[in-house]
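This is what each chain is made of:
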There are 4 protein chains.
Amino acid sequence: MITAGIIGATGYVGVELVRLLVAHPGVAKLSLSSVSFEGQNIVDIYPNLFGQLRGKTDGVLSGADAVVEASDVVFTALPHGIAEKYAADCIAKGKKLVDLSADFRFDEDEATFTAWYNKPYEYPAVHAESVYGLPEMNREKIKKARVIGNPGCYVTAATLALLPVLEKSLVDTDGIIVDAKSGITGTGRNPSEKNNFSESGESFAPYGIGNHRHQPEIARNCSKAAGKDVNVIFTPHLLPMSRGIIATVYAKLEKPLSADEAHALYAARYADEPFVRVLPKGSTATTKNVRGSNFCDISVHTVNGGKTLLVVSALDNMVKGAAGQAVQNMNLLCGFEETAGIDQVPAAF
Amino acid sequence: MITAGIIGATGYVGVELVRLLVAHPGVAKLSLSSVSFEGQNIVDIYPNLFGQLRGKTDGVLSGADAVVEASDVVFTALPHGIAEKYAADCIAKGKKLVDLSADFRFDEDEATFTAWYNKPYEYPAVHAESVYGLPEMNREKIKKARVIGNPGCYVTAATLALLPVLEKSLVDTDGIIVDAKSGITGTGRNPSEKNNFSESGESFAPYGIGNHRHQPEIARNCSKAAGKDVNVIFTPHLLPMSRGIIATVYAKLEKPLSADEAHALYAARYADEPFVRVLPKGSTATTKNVRGSNFCDISVHTVNGGKTLLVVSALDNMVKGAAGQAVQNMNLLCGFEETAGIDQVPAAF
Amino acid sequence: MITAGIIGATGYVGVELVRLLVAHPGVAKLSLSSVSFEGQNIVDIYPNLFGQLRGKTDGVLSGADAVVEASDVVFTALPHGIAEKYAADCIAKGKKLVDLSADFRFDEDEATFTAWYNKPYEYPAVHAESVYGLPEMNREKIKKARVIGNPGCYVTAATLALLPVLEKSLVDTDGIIVDAKSGITGTGRNPSEKNNFSESGESFAPYGIGNHRHQPEIARNCSKAAGKDVNVIFTPHLLPMSRGIIATVYAKLEKPLSADEAHALYAARYADEPFVRVLPKGSTATTKNVRGSNFCDISVHTVNGGKTLLVVSALDNMVKGAAGQAVQNMNLLCGFEETAGIDQVPAAF
Amino acid sequence: MITAGIIGATGYVGVELVRLLVAHPGVAKLSLSSVSFEGQNIVDIYPNLFGQLRGKTDGVLSGADAVVEASDVVFTALPHGIAEKYAADCIAKGKKLVDLSADFRFDEDEATFTAWYNKPYEYPAVHAESVYGLPEMNREKIKKARVIGNPGCYVTAATLALLPVLEKSLVDTDGIIVDAKSGITGTGRNPSEKNNFSESGESFAPYGIGNHRHQPEIARNCSKAAGKDVNVIFTPHLLPMSRGIIATVYAKLEKPLSADEAHALYAARYADEPFVRVLPKGSTATTKNVRGSNFCDISVHTVNGGKTLLVVSALDNMVKGAAGQAVQNMNLLCGFEETAGIDQVPAAF
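The structure displayed is predicted, hence computed values, not measured ones.

Engineer: Even after reading the chapter, I still don't get the packing of helix α8 (residues 153-167) of chain A against helix α10 (residues 214-226) of chain A, so can you show me in this structure?
Structural biologist: The relative placement of two packed helices comes down to the angle between their axes together with the axis-to-axis distance. Residue and element names in this part refer to chain A. It is the contact of α8 with α10, at a shortest axis distance of 9 Å, that shows an interaxial angle of 20 degrees. Judged on the interaxial angle alone, α10 and α8 are roughly parallel. Crossing of α8 against α10: the hand is right-handed. Mapping the contact onto sequence places Cys153, Tyr154, Val155, Ala158, Thr159, Leu162, Leu163, Leu166 and Glu167 in α8 and His214, Glu217, Ile218, Asn221, Cys222, Ala225 and Ala226 in α10. A breakdown of the residues in the contact of α8 with α10 according to their chemical character gives 11 nonpolar, 3 polar and 2 charged.

Engineer: Can you help me understand the relation of the copies chain A and chain D in this one?
Structural biologist: Two chain copies here: they are related by a rotation about an axis and a translation along the same axis. Once chain A has been moved 0.0 Å along the axis and rotated by 180 degrees, it coincides with chain D to within an RMSD of 0.0 Å. Considering both components of the superposition, the chain copies are consistent with a two-fold axis. By C-alpha distance to the rotation axis, the residue of chain A lying nearest is A:Pro240, at 3.2 Å. In this assembly the copies share their binding face: 100% of the residues contributing to the interface of chain A also contribute to that of chain D.

Engineer: Would you explain the interface of chain A and chain D in this entry?
Structural biologist: Many descriptions give the size of an interface as the accessible area lost when the pieces come together. With 42 residues of chain A in contact, the opposing surface of chain D contributes 42 residues. Summed over both sides, the interface of chain A with chain D buries roughly 3400 Å², with 59% coming from carbon and sulfur. At the boundary of chain A and chain D, one finds 8 salt bridges. Among the elements of the structure, β7 (174-182), α9 (197-200), β8 (205-206), β9 (231-238), β10 (245-252), β12 (296-303) and β13 (308-315) of chain A are those that each provide at least two residues to the side of chain A that touches chain D. The leading source of residues in the side of chain A that touches chain D is β7(A), at 5 residues. Residues belonging to the side of chain A that touches chain D are distributed by class as follows: 16 nonpolar, 15 polar and 11 charged.

Engineer: I'm lost on the pattern of salt bridges in this one. Help?
Structural biologist: Pairs can form between side chains of opposite charge whenever their charged atoms are close. On inspection of all chains with the given rule, the structure shows 104 salt bridges over all chains. The shortest N-O distance in the salt bridge between B:Glu199 and C:Lys288 comes to 3.8 Å. Linking B:Glu199 in helix α9 (residues 197-200) with C:Lys288 in the loop between β11 (276-278) and β12 (296-303), this pair reaches from one chain into another. Here B:Glu199 and C:Lys288 have matching classes, each one buried.

Engineer: Honestly, the interface of chain C and chain A in this entry has me stumped. Any pointers?
Structural biologist: Tallying the contact residues gives 32 residues for chain C and 32 residues for chain A. Interface of chain C and chain A: buried area, both sides summed, is about 2700 Å²; carbon and sulfur atoms make up 64% of it. On the chain C side of the interface with chain A, the three residues burying the most area are C:Phe50, C:Val345 and C:Phe349, jointly 30% of the side's total. The tally of links from chain C across to chain A stands at 0 salt bridges. At the surface where chain C touches chain A, the tally comes to 12 residue pairs in polar contact (both at pLDDT 80 or more). Breaking the side of chain C that touches chain A down by element, the ones donating at least two residues are α1 (12-21) and β11 of chain C. In terms of residues, the side of chain C that touches chain A owes the most to one element, α1(C), which gives 4 residues.

Engineer: I would appreciate a short explanation of the confidence of the model for chain A in the present structure.
Structural biologist: Parts of the model with low pLDDT should not have their predicted coordinates read in detail. Looking at chain A, pLDDT values average 97 and 100% of them are 70 or higher. Model confidence for the complex: the whole-complex pTM is 0.98, and ipTM, which rates the interface, is 0.97.

Engineer: Would you mind going over the packing of helix α1 (residues 12-21) of chain D against helix α12 (residues 319-334) of chain D with me for this structure?
Structural biologist: All names here are of chain D. α12 packs onto α1 with a crossing angle of 50 degrees between their chain directions and a minimal axis gap of 10 Å. In terms of orientation, α1 lies oblique with respect to α12. α12 is crossed by α1, and the crossing has right-handed handedness. Between α1 and α12, the residues in contact are Val13, Glu16, Leu17, Arg19, Leu20 and Leu21 and Val319, Ala322, Ala323, Gly324, Ala326, Val327 and Met330, respectively. Classifying every residue of the contact of α1 with α12 gives 10 nonpolar, 1 polar and 2 charged.

Each value, and the rule that gives it
Residues numbered from 1 in each chain as written. Chains lettered and ligands numbered in written order. Predicted model: local features only at pLDDT ≥ 70, side-chain atom pairs only at ≥ 80, totals over all residues. Heavy atoms only, no water. Axes fitted to C-alpha atoms, helices over the stretch in contact; angles between N-to-C directions. Helix = DSSP H or I, 4+ residues; strand = E, 2+ residues; numbered from the N terminus. Parallel < 35°, antiparallel > 145°, perpendicular 65-115°, else oblique. Left-handed = near helix turned anticlockwise from the far one by under 90°. Contact = heavy atoms within 4.5 Å. Nonpolar A, V, L, I, M, F, W, Y, C, P; charged D, E, K, R; others polar. Least-squares fit on C-alpha atoms with pLDDT ≥ 70 in both. Buried area = accessible area lost by both parts, 1.4 Å probe. Salt bridge = Lys/Arg side-chain N within 4 Å of Asp/Glu carboxyl O. Buried < 20%, exposed > 50% of the residue type's maximum accessible area, 1.4 Å probe, protein only. Polar contact = N/O pair within 3.5 Å; in protein donor to acceptor, adjacent residues only side chain to side chain. pLDDT = per-residue confidence, 0-100.

See below:
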């Protein structure tokens, strides 16, 4: 049993971590901080938690340093560019850290990070040892790591959709199309015109065409899997719903695959993965079937006479796309059962 | 043909006025102002208007004084407490003004206004002559007025649901219950946690129990209709949808009415009203059937063995509950056909 | 560890039971039937369950008799009027049954049941011993029962909102108003114009005014609590969302209560209830905070100068309003921890 | 002034036609039929129309032949495969017909129609003279036609997104990707599990991957515009909202275009089109801005280093995607102003 800490507990990702960790069998105590609400009780901000802290915390939000001090594993759920110093601190004190911002998603590649996030690395040594926290790519490295960069939500959906064919060099790597759609929780807790119900309800549109920050992260994962540069066209859209991401991915096959062959390839690649469900042939992935759970559902299709692979990848952006995957990483870091605390059965509706 | 002006054109009520007035057959020119966006073009803020200004305005947002100067009728769609000086100015210059805030909803009753809006009257002479703009109560007065206080959205629904029985003294006036539900556009353009889709979608709750500012306005209208003090219990709720208000109203009947008698009473009261549709017996009012239109649909029911009257009143909070009613008032002020520019047929879905 | 069976596993209530029971620590095996889909696999109908049967069932849908045979506790999730024979059968075979239709909600009061459901009792002996499954009213009786009538969704919300004041005779029992609003899952799996998204989205209306079948059930519970006849005006409305019920309840107080007194009364009444959360003063119950969980949140207010009590009661209609409460009853019947398998932490969004 | 008739007035497309035609300045009388509701009044089925028939019809639903008899222009809004005989009848009687099914979307190409709709042509002579009703492609032909095949909803969005570059042979025509998303009204009035709010709300997924009937229609239009065979990969998705379609279209450019060049090309192509709004550079098309109107908004982007053209095309599937475009065709057929009756200003929310 460990003590887990959350720095930034009152953002959407933070409170989703609280939901998962108060019920986690390996977590004895929980320590919470918030800059905006320091000194207040998280239950007053999120009344869904009323009576649900289960003796693991009194709910009072402290400062960040107190969380580091109290915890064995620290989660940082902060705006980009702030987690580095906590990571360095955790390493110094023999603690582990899972960061949910972009800060450790580019490892030693400071140039790309800086180009997209306008900030240099201040603790390069931490980046030199941090591990990208996608268990389906890096499970063994994660187990031994001290600092984890938890992947982006869109990125998880897109990468899992492409790993099997990229690893086997089966698709044209110039101009893979990731047409992705996200629920509005992806815009976070800060209210904006974008997430105002009056404008986002009964409405749908793409945004950030050609310049969304998840593009370089997807491209990086794909290039690692393929062993060469992969060119990804990534178009995010905002859905009139709260939770869920789908990526509809199109890739030209180097040589045609039958639908059976394509399905078999994915089924084999993910056979031992606890959180990737390759759906039976004929099914199509949908956000509904994964809502509230840590699953990524994948359906595999071929179109244009078998010349193009079409993969649909669906996950809950707040769970497998954020907090759930962070807990999965914690489970690996701590030697817990990989599914501990994130084995919720998704509801039918 | 007149020139109409909107002070506060970029709030939700303001832009809904623009939608109605650019297509209004009696409006030749439109003059627009905005504090937040002065100097910008309204089309850049609301691209739904792209190519739709129809030669009535170039879309550039000026200051408020320029609007008063240019216009025959001025609409003020501003936060509470600002319209008074524009009203005084309009009177001085021989122009007319329709205010969509609460500033002129209490006429000479400064005490109630101040108690609920924390602000004294600065131009009492204007209040002395202003008219409350509910055509179904005050049509003839409106025609001759110079300053109109456009009613609140909830208030319009609640008042229209109760006028017929209050005017005839048929119900117990202590503790009439108005259980009302509004779409999220009622919270306006300013983003907040309340209107963030992530929290307001798939969610429903009352708010402002016992202390919403529309309560005294409803009570005031009811008291005027009844000729004595009426006690209203008003509970607003926020619906996970953009447009629409329903008031479910419960009033104890002084003596039982049959369903037929109750229906006949309402049908007779509103027989000549162009925007109140008393539905056939057996039908129930729903927000869907009035969306985007200026109608208030009313269905009349009796319950508890005929001892209690139950009235359902539905309207679009942005149209009959705000901008549409303001245009109805303008039509009366200017001698236009009362339905001019607000005769949209509601869609089925 | 028991074997649980669900007759009618493919309706909405049925599949929600599956979600809860596959993860229930006291359930070793699960047996499922469906008339519509006999012989098929539930995973093909509800792909959210893909890979989630956890060794408790192979998912194949049998006939109802096979479920009775295989199970220690049987859940019937069927249209009204069918469960009686299964109940008789269970009693004969020493098994227990929790029925989620209305069939056992009126105990020995056949007259009321028949008046509202158009069907006489065929097995009166079963009704003579069945127990109404609202643990907050009947916990000790439930523990010893063999047949449980699980309460209606609206009914649970309304009854819990009123129990404390009715038991103490604090309110006028003629004309208590229950203005209730439900998510669309309440209309069930059968598609209809009513639940077609195109008509129910962006729409809100009451239905069944004065003649909804939950009215007599609410009145019956209230009368039992009050020890005399209680007259309830019940108005259900359909919300444009999937899950959640709120009842906004208005009752005239026999003598005024302060807000503190009213709150203290509810807090005391439900102090030991694991699934009723009386919110702190100043909070308002909302469906969002209970979604997916077995909680009923209650907030207590006084209005109209303290003369009227206003209680807001919120629950998830599929959980505390149906499947979750059925599992709570199973836990009581079997001597499990009352919260076993239904202790999900509600999410913030 | 003409008499217009609608055969199939109670489906979603039919009732949307009623909404537009009761307010159309060129329509004096309206004649309505329905197989399902013959003899009933449309107002009882669609109470949004209560009091809104404006003297053009009494609302009584007759049989189809009576509509043909009474009308100058007939709209058929029927399932596929039924309109042919009415078209032949109209030609014989000197009337005009606009069909909103797929029956006349393939002109003389019976083979393709039969392959996708499983039905041979029964009146080939009618198909030989029918005109495909996309005014932006066929305006002059439409004006002289007697029978019009109104385009599919997805098809209109996709075709308008691609016409300018196909006509100029600027893109690779093998494997153009149309990733399209539609609101739920596209599934029509018949309730199904697909459009049940409980399953379609808070949910998103593709459907009909690789085999949707709008694929051959899009390909046909594209091939005509390009003057050679075009290969289109079309993936429709269902959005949790009522109205609106977006197509996100990806096409490899034969040689790179700057963003300015691409925008200029579209702006020039559609400069005189009353219902295509090419948005200013930097804007992105969204369904919100066209809801309820006959506009198709188009935004033009280049991605992947200028090697790929990305076009976003948004329209209201019930208006420009169906009933509005049919009225636009009627206007052309009858020599009315092309925008008559379909010049609604879209609302901001």
